[in-house]
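Tertiary structure, described
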Amino acid sequence: MLKGKKILVGVTGSIAAYKSAVLIRRLVSAGAEVKVIATELAKQFITPLTLATLSKNPLLVDFFNPENGEWNSHVKLGLWADAYVIAPATANTIAKMAGGIADNLLLTTYLSARCPVFVAPAMDLDMYNHAATRRNIGRLVQDGVHLIEPASGELASGLEGKGRMEEPEVIADRISQFFASPFVGDALWGKKVVITAGGTVEPIDAVRFISNRSSGKMGYALADRFRRHGATVTVVRGSVDPRLPGTVEGVCEIEAGDAEDMARKTMAAAVESDVIVMAAAVADYTPESVSDVKIKKQGDDMTIRLKQTRDIAASVGAVKRPSQVLVGFALETDNEEANALDKMKRKRLDMIVLNSLRDKGAGFGCDTNKVTIYRPDGTRRECDLKSKSLVADDIVKEVIELLERAERKSK
Ligand code: CTP
């Protein structure tokens, strides 16, 4: 997968810099063309000769080549690369990246890069856990950087914990996996996508709640696919199946509890977004009052009064701009098409994805889905039963088309 790929490796001043030699070797032997940018401090940890020899290219550190005055253009480097991997990335470099500071070639190139950027942090466990570092890493992830989380183990300081840069073989594999997808593209580069996923949890008392069987699989498959097309993705996540592979690399997650909490967080994220996808199973009703303490057993039966929740899709639909694309889902058991079309109209959706529980392999918890996609202009596209990832591809394709249409209209 790495054959012929142009990869920039950024090396910063960390004891883990020696591992970048192995990473570069690995990338080169997999057929990639590699150029290396190092910070001034990195040269204290690994020699320029090692980095230049292994990458088969001169090491880049300064804005100008000190010998002949030639400009090392960060813009050209940023455009040249198919991927930029900063490994090891120190807390200092991560903070500067998060703040948009550009005081060395590695950082100016980061700001110019149009390619996917991978960051493999390396630092002591307390630095890694510090609120400032957490915030900066969170910012980078929100900005679309692919985080290659550090491993746990013995650290150079002698302490034990998370902070050790991931092994070079693993980093190379992650980059390779990224390119392995046949769907990598940049059609959604610079676009912001918000996806609601999973089920909401409506509290009854201090220990009980009402929820549903939504697994979050469809929402996460969509997050992955949108991400692979270059979008910056935020998932507003309710309860999901614990067996779900979990965090999608490069995707920012916001946890939501009940329907109102999900509504507030989604509405806030939607303001700045280009695409909003409502894949969550939001409770239609929530207990009218929530007891702070555990409700004691009383009598033979009990009644819980419920009140209607806010319809998140409809609330976004009511305020959305013409350039924004709003996608909804409908899970129906009967009168499928009529119900789906009615929902699309009521919630002012630009597209509705219908899955019928009558179809085997569709709906909650399955790894597959069989959907029909409707648009307000009367377009109807029936898809075969396929994996949720492939269904996500179909949806992303439709969204790209809708965004292009909206852009043409606004011109
Ligand atoms: N939805 C939402 N907020 C709600 C209820 C639903 O955002 N409070 C969204 C869902 O995420 C989905 C779409 O609206 O994208 C349709 O959800 P569905 O539950 O099928 O629609 P309802 O309007 O609740 O209709 P009903 O339950 O009567 O079928």
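Residues numbered from 1 in each chain as written. Predicted model: local features only at pLDDT ≥ 70, side-chain atom pairs only at ≥ 80, totals over all residues. Heavy atoms only, no water.

Here the focus is the domain arrangement of the chain. How big an interface is tends to be reported as the loss of accessible area on association of its parts. Each assigned domain of the chain is listed with its residue range as follows: domain 1 (6-180) and domain 2 (192-291 + 299-410). Computed over C-alpha atoms only, the centres of domain 1 and domain 2 are separated by 36 Å. Contacts between the two partners involve 11 residues from domain 1 and, on the opposite side, seven residues from domain 2. In terms of surface lost to domain 2, no three residues of domain 1 exceed Val 141, Gln 142 and His 146, which account for 50% of the buried area on that side. Along the contact surface separating domain 1 from domain 2 lie zero salt bridges. (Domains from an automatic or database assignment. Contact = heavy atoms within 4.5 Å. Buried area = accessible area lost by both parts, 1.4 Å probe. Salt bridge = Lys/Arg side-chain N within 4 Å of Asp/Glu carboxyl O.)

Attention now goes to the site of the ligand. Met 278, Ala 280, Asp 284, Lys 343 and Lys 347 are the nearest of the 14 residues found near the ligand. Between an oxygen atom of the ligand and a main-chain N or O atom of Ala 313, the distance comes to 2.8 Å. When the free accessible area of the ligand is taken as 570 Å², the share hidden by the protein chains comes to 77%. Of the pockets mapped on this structure, the ligand occupies the largest pocket. Secondary-structure elements contributing two or more residues to the shell around the ligand are helix H11 (312-319), strand S16 (325-332) and helix H12 (336-346). Among the residues forming the shell around the ligand, the class breakdown is six nonpolar, two polar and six charged. (Near = heavy atom within 4 Å. Polar contact = N/O pair within 3.5 Å; in protein donor to acceptor, adjacent residues only side chain to side chain. Areas by Shrake-Rupley, 256 points an atom, 1.4 Å probe, with all protein chains shown as cover. 1 Å grid on protein atoms, 1.4 Å probe; cavity = no way out; pocket = protein on both sides within 12 Å on 5 of 7 lines; lining within 4 Å. Sits in = over half its atoms within 2 Å of the grid points. Helix = DSSP H or I, 4+ residues; strand = E, 2+ residues; numbered from the N terminus. Nonpolar A, V, L, I, M, F, W, Y, C, P; charged D, E, K, R; others polar.)

So, on to the pattern of salt bridges. Summed over all chains, the structure comprises 29 salt bridges. One salt bridge in this structure joins Arg 380 and Glu 337, with 3.1 Å as the shortest N-O distance. Placement of Arg 380 in strand S20 (residues 380-382) and of Glu 337 in helix H12 is noted, with a sequence separation of 43 residues between them. Judged by relative accessible area, which is 44%, Arg 380 ranks as partly exposed. (Buried < 20%, exposed > 50% of the residue type's maximum accessible area, 1.4 Å probe, protein only.)

So, on to a nonpolar patch on the surface. Nonpolar side chains collect at one region of the surface, where Tyr 285, Met 302, Ile 304 and Leu 306 lie side by side and expose about 390 Å² of accessible area between them. For Tyr 285, the position within the fold is in strand S14 (residues 285-287). (Patch = residues over 30% accessible without salt bridge, like charges linked within 9 Å, V, L, I, M, F, W, Y side chains within 5 Å.)

Take the layout of surface pockets next. Of the volumes computed, that of the largest pocket is approximately 960 Å³. In terms of lining, the largest pocket is formed by 37 residues, of which the most central are Ala 280, Ala 281, Val 282, Phe 329 and Leu 331. If you list the elements that add at least two residues to the lining of the largest pocket, you get helix H9 (217-228), H11, S16, H12 and strand S17 (351-356). Examining the composition of the lining of the largest pocket, we find that four residues originate from one element, S16, more than from any other. For the lining of the largest pocket, the residue count by class is 15 nonpolar, 14 polar and eight charged. (Points joined across faces, edges and corners; volume = space filled by probe spheres on them.)

All right, on to unusual backbone geometry then. Negative phi characterises most residues that are not glycine, and trans characterises most peptide bonds. The amide bond that connects Ala 87 to the next residue, Pro 88, takes the cis arrangement and shows omega of 0°. Among the secondary structure elements, Pro 88 is positioned in strand S3 (residues 83-89). Located in the positive-phi region is Lys 56, a residue other than glycine, with phi close to 65°. As for its placement among the helices and strands, Lys 56 is situated in the loop between helix H2 (48-55) and helix H3 (74-80). Notably, Arg 348 is not glycine yet its phi reads approximately 55°, a positive angle. Looking at where Arg 348 falls in the secondary structure, it is placed in the loop between H12 and S17.

Moving on: the pairing of strand S7 (residues 160-164). Pairing of strand S6 (residues 151-154) with S7 involves four bridges; the strand directions are antiparallel. Looking across to S7, one finds that Gly 153 is bridged to Gly 161. The antiparallel pairing of S6 with S7 creates a hairpin that spans five residues between the two strands, and Gly 158 there sits at a positive phi of about 95°. (Pairing = 2+ DSSP bridges.)

Axis angle and axis distance: for two packed helices, these are the angle between their axes and the distance between the axes, and together they describe the pair. Put simply, helix H4 (residues 91-99) and helix H5 (residues 105-112) touch, their axes get as near as 10 Å, and they point 40° apart. It follows from the interaxial angle that H4 and H5 lie oblique. The hand of the H4/H5 crossing is right-handed. Between H4, through Thr 93, Lys 96 and Met 97, and H5, the contact on the second element is made entirely by Leu 106, Leu 107 and Tyr 110. Taken together, the residues of the contact of H4 with H5 sort by class into four nonpolar, one polar and one charged. (Axes fitted to C-alpha atoms, helices over the stretch in contact; angles between N-to-C directions. Parallel < 35°, antiparallel > 145°, perpendicular 65-115°, else oblique. Left-handed = near helix turned anticlockwise from the far one by under 90°.)

On to the packing of helix H1 (residues 17-29) against H2, then. Taken N-terminus to C-terminus, the directions of H1 and H2 make an angle of 15°; their axes are 9 Å apart at the nearest point. Considering their axes alone, H1 and H2 lie roughly parallel with respect to each other. Seen from above, H1 lies across H2 with right-handed handedness. Counted together, Ser 20, Ala 21, Ile 24, Arg 25 and Val 28 of H1 and Thr 50, Leu 51, Leu 54 and Ser 55 of H2 form the full contact between these two elements. Tallied by class, residues from the contact of H1 with H2 come to five nonpolar, three polar and one charged.

Reading across the sheet, the five strands line up as S2-S1-S3-S4-S5 and stay open at both edges, with parallel pairing between neighbours. Where the open sheet ends on each side, the last strands, each with one partner, are strand S2 (33-38) and strand S5 (146-147). Taken together, the two bridges between strand S4 (residues 117-121) and S5 define a ladder with parallel strand orientation. Among the inter-strand pairings, Val 119 is bridged to a residue of S5, identified as Leu 147. Packed on one face of the sheet, H4 meets S3 and S4 and runs near 145° to S4.

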